[in-house]
Amino acid sequence: MGHGIIILGSTGSIGRNALRVIEALGPEYEVVGLSAHSSVELLAEQTRRYKPRFVAVTNAEFAARFRTLVAGLGVEILTGPDSLTEMVRIEGVDTVLTAVVGAAGLPSALATVQCGKRLAVANKEPLAIAGELLTKAARENGGMLLPVDSEHSAIFQAMQSGSTAEVRRILLTGSGGPFRGAAREELQEVTVKQALNHPTWEMGPKITIDSATLMNKALEIIEARWLFDVPVQKIEVLIHPESIVHSLVEFVDGSLIAQLGHPDMCLPIQYALTYPRRVEGLSPPLRLEDVGRLHFEKPDPDTFRALTLAYEVARAGGTAPVVFNAANEAAVEHFLAGRIRFLQIMDLVEHCLHNHEVRHTTSVEGLLEADAWARREVADRLQRTAERATS
Ligand SMILES: NC(=O)c1ccc[n+]([C@@H]2O[C@H](COP(=O)([O-])OP(=O)(O)OC[C@H]3O[C@@H](n4cnc5c(N)ncnc54)[C@H](OP(=O)(O)O)[C@@H]3O)[C@@H](O)[C@H]2O)c1
């Protein structure tokens, strides 16, 4: 039987890799829908090549340009922020791969599992902020969450060696990013270019900055808590600069089960699409004799405060992870635009968390309200600082 697949965020780093994977998998896997936010030239190219039935342009300002680019191709075009939720509901689709960036992916992720489909999750922010809501909706409606993040794919594979009750610890590996080993003071003057220079992975700009602050690892701790239904205190971060061991699970008998591979997203993307099958793919075999040595060390929580905050917000629950994520999204945007310094990213996140009164809600509206509050708080705080500087 064939598989109908939608890729949300097909113009991004994960989205482009996913299209290569699907092409290599052959005609059994059909691209039914694609989406982009603003890269409409690339989306038009993808539309010509993969011939999806539906295409969504989430930033409506770019819709007219896109229509012109694909005139005569007979594709159905959906536009605006709600177009993703509309597209994931169409018939003839069994898997939605969500590769959009940020909390913006929450409504479409929820709609996917609510209609009992498989959600291949690259877009980790919705799981980090609304893990309870998404996992419950999947359970109640026969949907399924499959990890695409390389670490969570590794954990998912290692978990097949035992039961959740038999897990002693999950060891979530991370390269440590471009500033591994640096003291906090040394990061004062870090430039955008330095922060975007990731040692092992090629990714979109937001996740690359998150990898430099270790916010990416922080979001992954919460993501793992929900995907694998384990308490956060059982999840530990292990720095592994080579990015070969993608994560490990320690069982109660002391066995450590790991998954290894090149730092290449094609393998976890493919496994999420073909699970429970394994098929030959694009990733070359890993030769450990060529790798030679692997290194592991503890993370430095003083320099990378996001890690400590992750455990705190996961324990607090409710709207705390929402504020943690939204403040970071807003701060990273300011950093990428050259308006704030690197260390201010986490300062702003901490400021928002300290000024937020956690509410225990799992309604989408309640969560999005907290998200909007944090983004406003970041903007207000920066404005107040700028006013003080000029007065
Ligand atoms: N890259 C990796 O290796 C990697 C690994 C693990 C997990 N992830 C996760 O996967 C997600 C995507 O990462 P990425 O590196 O592929 O990011 P990316 O290269 O920046 O791509 C993001 C995609 O989302 C679209 N998009 C941007 N803003 C949007 C919005 N408001 N609404 C809907 N779509 C929007 C973009 O469209 P335009 O191109 O038109 O702007 C693009 O297609 C992130 O959550 C990230 O944490 C990535």
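Refer to the structure printed above.
This report concerns the structure included in the present document. In this text, all values refer to a predicted model and were calculated from it rather than measured experimentally. (Residues numbered from 1 in each chain as written. Predicted model: local features only at pLDDT ≥ 70, side-chain atom pairs only at ≥ 80, totals over all residues. Heavy atoms only, no water.)

Comments concerning the pairing of strand β6 (residues 118-121)
Every other side chain in a regular strand lies on the same face of the sheet, so the side chains alternate between the two faces. The pairing of strand β5 (residues 95-98) with β6 spans four bridges and is classified as parallel. Following the sheet pairing, T95 is matched in β6 by R118. Note on the crossover from β5 through helix α5 (residues 106-114) to β6: the handedness is right-handed. Inspection of the sheet shows β6 paired to strand β7 (residues 144-147) by four bridges, in the parallel sense. Residue pairing across strands places V121 opposite P147, the latter belonging to β7. Between β6 and its parallel partner β7, the chain crosses via helix α6 (residues 125-141), and the hand of that crossover is right-handed. (Pairing = 2+ DSSP bridges. Helix = DSSP H or I, 4+ residues; strand = E, 2+ residues; numbered from the N terminus. Right-handed = clockwise from strand over helix to strand, strands pointing away.)

Overview of the packing of aromatic side chains
This model, assessed by the stated rule, comprises five aromatic pairs. Aromatic pair F335 and F342: ring centres 5.7 Å apart, planes at 70 degrees, arrangement edge-to-face. According to the relative accessible area criterion, F342 is buried, its value standing at 4%. Of the aromatic side chains, those joined through ring pairs into one cluster are F156, Y271 and Y275. Directly above the aromatic system of W226 lies the positively charged group of R225, at a separation of 3.8 Å from the ring centroid. (Phe/Tyr/Trp six-rings, centres within 6.5 Å; stacked < 30°, edge-to-face > 60°. Buried < 20%, exposed > 50% of the residue type's maximum accessible area, 1.4 Å probe, protein only. Lys NZ or Arg CZ within 6 Å of the ring centre and 35° of its normal.)

Some details on helix α16 (residues 364-390)
Look at α16: 39 Å from first C-alpha to last across 27 residues, which is about the 39 Å you get at 1.5 Å a residue. Turning to α16, its buried residues are V364, G366, L367, A370, D371, A374, E377, V378 and L382. (Expected span 1.5 Å × (residues − 1).)

Observations concerning the pattern of salt bridges
All told, the structure shown has 23 salt bridges when counted by the stated rule. Measuring nitrogen to oxygen at the nearest pair gives 2.6 Å for the salt bridge that ties D210 to K206. Here K206 and D210 lie together in helix α9 (residues 205-213), a separation of four residues that amounts to about one turn. Linked by salt bridges that have partners in common, K124, D149, E151, K217 and E220 make up one network. (Salt bridge = Lys/Arg side-chain N within 4 Å of Asp/Glu carboxyl O.)

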